[in-house]
Amino acid sequence: MNVGRTARALATVLRGDVVADPPSRRSGLLRTVGRVWLGATLALAGTSHLTVAREEFQAQVPTWFPADPDAVVLASGVVEIALGCALLAAPGRRRAAVGWIAAGFFVAIFPGNISQLVTRTDAFGLESDTARAVRLLGQPVLVLWALWSTGAWRSLRAALAAQPAEALPR
């Protein structure tokens, strides 16, 4: 796997310069429903960061993170609302970029979920190590959901296919 080639292809996707062939009608409908559901869920979660669940979200900010937990919760709430709205409203050629950004966000907040398990912090009804561990399994699902529902994987494959193959070193 050529990292440089992949990075160039990903940059092409993030600029919106490549859009994969449209999926089948059924697959396209499923992706649309998945994208809209993820977008609405993110917007709702972001709103709860700023309002009713602020303290619960603060429990997920790792103690080692060098920022005020409330500021982190407020900032991540704003980011979640923005990502949710982008997932709902992004035009077709920008959806893959939004998918990669959302996937990156889910990866970035994963340490908070790990911290909640390691420190045995109760929040959101996760009051056992088993419940907190099972929740960790949901984060990769969110990453994959963001990439699938926006066509991000398909666009990356299309961008890679459009690039000339580089000669192998001798």
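Look up: the structure comes first, before these words.
Residues numbered from 1 in each chain as written. Predicted model: local features only at pLDDT ≥ 70, side-chain atom pairs only at ≥ 80, totals over all residues. Heavy atoms only, no water.

## Some remarks on the layout of surface pockets
Here's step 1: Each pocket or cavity is described by its volume, and for the largest pocket that value is around 770 Å³.
Here's step 2: Around the largest pocket, the lining comprises 31 residues; the ones closest to its centre are H49, Q60, E80, F105 and I109.
Here's step 3: At the level of secondary structure, the elements contributing two or more residues to the lining of the largest pocket comprise α2 (25–50), α4 (69–89), α5 (92–118) and α6 (129–149).
Here's step 4: Broken down by element, the lining of the largest pocket gets its largest block of residues, seven residues, from α5.
Here's step 5: A per-class count over the lining of the largest pocket returns 21 nonpolar, eight polar and two charged. (1 Å grid on protein atoms, 1.4 Å probe; cavity = no way out; pocket = protein on both sides within 12 Å on 5 of 7 lines; lining within 4 Å. Points joined across faces, edges and corners; volume = space filled by probe spheres on them. Helix = DSSP H or I, 4+ residues; strand = E, 2+ residues; numbered from the N terminus. Nonpolar A, V, L, I, M, F, W, Y, C, P; charged D, E, K, R; others polar.)

## Overview of the environment of I109
Here's step 1: As for its position among the elements, I109 is in helix α5.
Here's step 2: For I109, a relative accessible area of 30% translates into the label partly exposed.
Here's step 3: Taking C-alpha positions, I109 is 8.9 Å from V61, a pair spaced 48 residues apart along the chain. (Buried < 20%, exposed > 50% of the residue type's maximum accessible area, 1.4 Å probe, protein only.)

## Topic: the pattern of salt bridges
When their charged atoms lie close together, side chains carrying opposite charge are able to pair.
Here's step 1: Per the stated rule, a full pass over the model turns up four salt bridges.
Here's step 2: The partner of R54 in a salt bridge is D70, with the nearest N and O atoms 2.6 Å apart. Taken as a pair, R54 in helix α3 (residues 54–58) and D70 in helix α4 lie far apart in primary sequence, 16 residues in all.
Here's step 3: Under the relative-accessibility criterion, R54 is labelled partly exposed at 28%.
Here's step 4: The shortest N-O distance in the salt bridge between R132 and D129 comes to 2.9 Å. Of this pair, R132 and D129 both sit in helix α6, separated by three residues, roughly a single helical turn.
Here's step 5: R132 gets classed as buried once you look at its relative accessible area, which sits at 5%.
Here's step 6: Each of the salt bridges in this network shares a partner with another, and the network as a whole consists of R120, D122, D129 and R132. (Salt bridge = Lys/Arg side-chain N within 4 Å of Asp/Glu carboxyl O.)

## Here's the deal with unusual backbone geometry
Here's step 1: Notably, R120 is not glycine yet its phi reads approximately 55 degrees, a positive angle.
Here's step 2: Examined against the element boundaries, R120 turns out to sit in the loop between α5 and α6.

## With respect to the nonpolar core
Here's step 1: The biggest cluster of nonpolar side chains holds 18 residues, and the ones touching the most others in it are L38, L42, F106, A146 and L147.
Here's step 2: Counting only elements with at least two residues in this core, the list comes to α2, α4, α5, α6 and α7 (152–162).
Here's step 3: A per-element tally of this core places α5 first, with seven residues.
Here's step 4: Excluding its chain neighbours within four sequence positions, the residues that come into contact with L38 are L87, F106, L142, W145, A146 and S149. (Core = buried A, V, L, I, M, F, W, Y, C linked by side-chain atoms within 4.5 Å. Contact = heavy atoms within 4.5 Å.)

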